[in-house]
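# A look at the structure
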Amino acid sequence: MIINLQDTLGLDEVVTLYRANEWSAAAKPDLLMAALSNSDSVVTARIAGKLVGLGNAISDGYLVVYYPHLLVHPAFQGQGVGRQLMEAMQQKYRGFHQQMLTADGDAVEFYKHLGFERAGATEPMWVYAGSDH
């Protein structure tokens with residue numbers, strides 16, 4: 001597996017990954033690609049050239065980073081791909097005052113194992129045009 005912070009992404013492979021995870025952003029491919037290309041960082045995982053995982057970060061570059069997306073193709077989940085993607089991102093943003101993300105379902109325990117914890121007494125809130133993801 002190759003983890004890359006400087007990968008070139010193709011529209012079809014990105015949409016395939018998002019659809020495999022049933023994320024609603026797959027229905028807006030042009031906006032999804034624009035969002036990824038405007039991220040501070042995008043990290044990918046490839047096996048034999050196939051995109052099997054992707055994560056991105058939005059940051060002010062100094063104090064705060066937010067990780068909005070982390071997806072691993074369902075056929076490769078549970079094999080350490082997501083952990084390696086997040087470790088690459090956390091290495092890049094090591095020393096930042098605040099690393100943030102929103103987790104739900106099974107992802108909560110996954111992120112706890114990477115050192116994330118509930119942010120005090122915060123309440124997740126959003127204005128959201130999607131379904132679940």
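Refer to the structure printed above.
Residues numbered from 1 in each chain as written. Predicted model: local features only at pLDDT ≥ 70, side-chain atom pairs only at ≥ 80, totals over all residues. Heavy atoms only, no water.

### Structural notes on the overall build of the protein
For the record, the criterion: Strands here are runs of E lasting at least two residues and helices are runs of H or I lasting at least four, both read from the DSSP assignment and numbered beginning at the N terminus. The globule rule used for comparison is 2.2 Å times the number of residues to the exponent 0.38, while the radius of gyration itself is calculated over C-alpha atoms. Throughout, a residue-residue contact means that at least one pair of heavy atoms, one from each residue, lies within 4.5 Å. Calculation of accessible area relied on Shrake-Rupley with a 1.4 Å probe; when residues are assessed, cover is drawn exclusively from the protein chains displayed. All tallies of charge rest on Lys and Arg as positive and Asp and Glu as negative; His and the ends of each chain are not included. Here the site of a charge means NZ on Lys, CZ on Arg, CG on Asp, or CD on Glu.
Scanning the protein from N- to C-terminus turns up four helices and five strands. Taken from N to C terminus, the helices and strands of the protein fall in the order β-α-α-β-β-β-α-β-α. Here the protein has a C-alpha radius of gyration of 14 Å; the compact-globule value for 133 residues is 14 Å, and the two agree. In terms of its C-alpha atoms, the protein occupies a principal-axis envelope of roughly 40 × 30 × 30 Å. Expressed as a percentage of contacts within the protein between residues at least 6 apart in sequence, the contacts between residues at least 24 apart total 61%. Put simply, the protein shows about 8300 Å² of open surface, and 53% of that area lies on carbon and sulfur atoms. Distance between charge centres in the protein, computed from 9 positive and 14 negative side chains, equals 4 Å.

### Observations regarding the nonpolar core
The criterion, for reference: For the purposes of this section, nonpolar cores are sets of buried Ala, Val, Leu, Ile, Met, Phe, Trp, Tyr and Cys residues that join through side-chain atoms within 4.5 Å. Using a 1.4 Å probe on the protein chains alone, a residue whose accessible area is under 20% of its type maximum counts as buried, one over 50% counts as exposed, and one in between counts as partly exposed.
Tyr-67, Val-81, Leu-85 and Met-86 are the most contacted members of the largest nonpolar core, which totals 19 residues. Mapped by element, the contributors of at least two residues to this core are strand S2 (41-47), strand S3 (50-59), strand S4 (64-72) and helix H3 (81-92). Top element by residues in this core is H3. It accounts for five residues. Every residue in contact with Leu-85, bar those within four places of it in the chain, is listed here: Ile-3, Val-43, Thr-44, Ala-45, Gly-53, Leu-54, Leu-70, Leu-71 and Val-72.

### Quick notes on the side chain of Thr-44
We apply this condition: Counting of polar contacts relies on pairs of N or O atoms within 3.5 Å, with two restrictions inside protein: one atom must be capable of donating a hydrogen and the other of accepting it, and residues adjacent in sequence are counted only when both atoms are side-chain atoms.
With respect to the element layout, Thr-44 can be found in strand S2. For Thr-44, the side chain forms a polar contact with the side chain of Asp-7, separated by 2.7 Å. Leaving out residues up to four positions away in the same chain, Thr-44 has contacts with Ile-2, Ile-3, Asn-4, Asp-7, Leu-9, Leu-51, Gly-53, Leu-54 and Leu-85.

### Some thoughts on H3
The condition is simple: To estimate the expected span of a helix, subtract one from its residue number and multiply by 1.5 Å.
Taking 1.5 Å as the rise per residue, H3 with twelve residues should run 16 Å; its terminal C-alpha atoms sit 17 Å apart, in good agreement. If you follow the buried residues of H3, they end up packed against strand S1 (2-4), S2, S3, S4, strand S5 (98-101) and helix H4 (107-113).

### Examining the pairing of S2
Selection rule: Strands are treated as partners if at least two bridges between them are detected by DSSP.
Across the seven residues of S2, six count as buried, placing the element largely inside the fold. Both S1 and S2 contribute to a ladder of three bridges, which runs antiparallel. Bridge pairing in S2 places Asn-4 opposite Thr-44. In this antiparallel pair of consecutive strands, S2 and S3, the connection spans two residues, and Ala-48 shows a positive phi of 50°.

### Let's talk about the environment of Gly-53
Its location among the elements puts Gly-53 in strand S3. Owing to a relative accessible area of 0%, Gly-53 belongs among the buried residues under this scheme. Between the C-alpha atom of Gly-53 and that of His-97, which follows or precedes it by 44 residues, the distance is 26 Å.

Remember, this is a structural readout, not a statement about activity or role.
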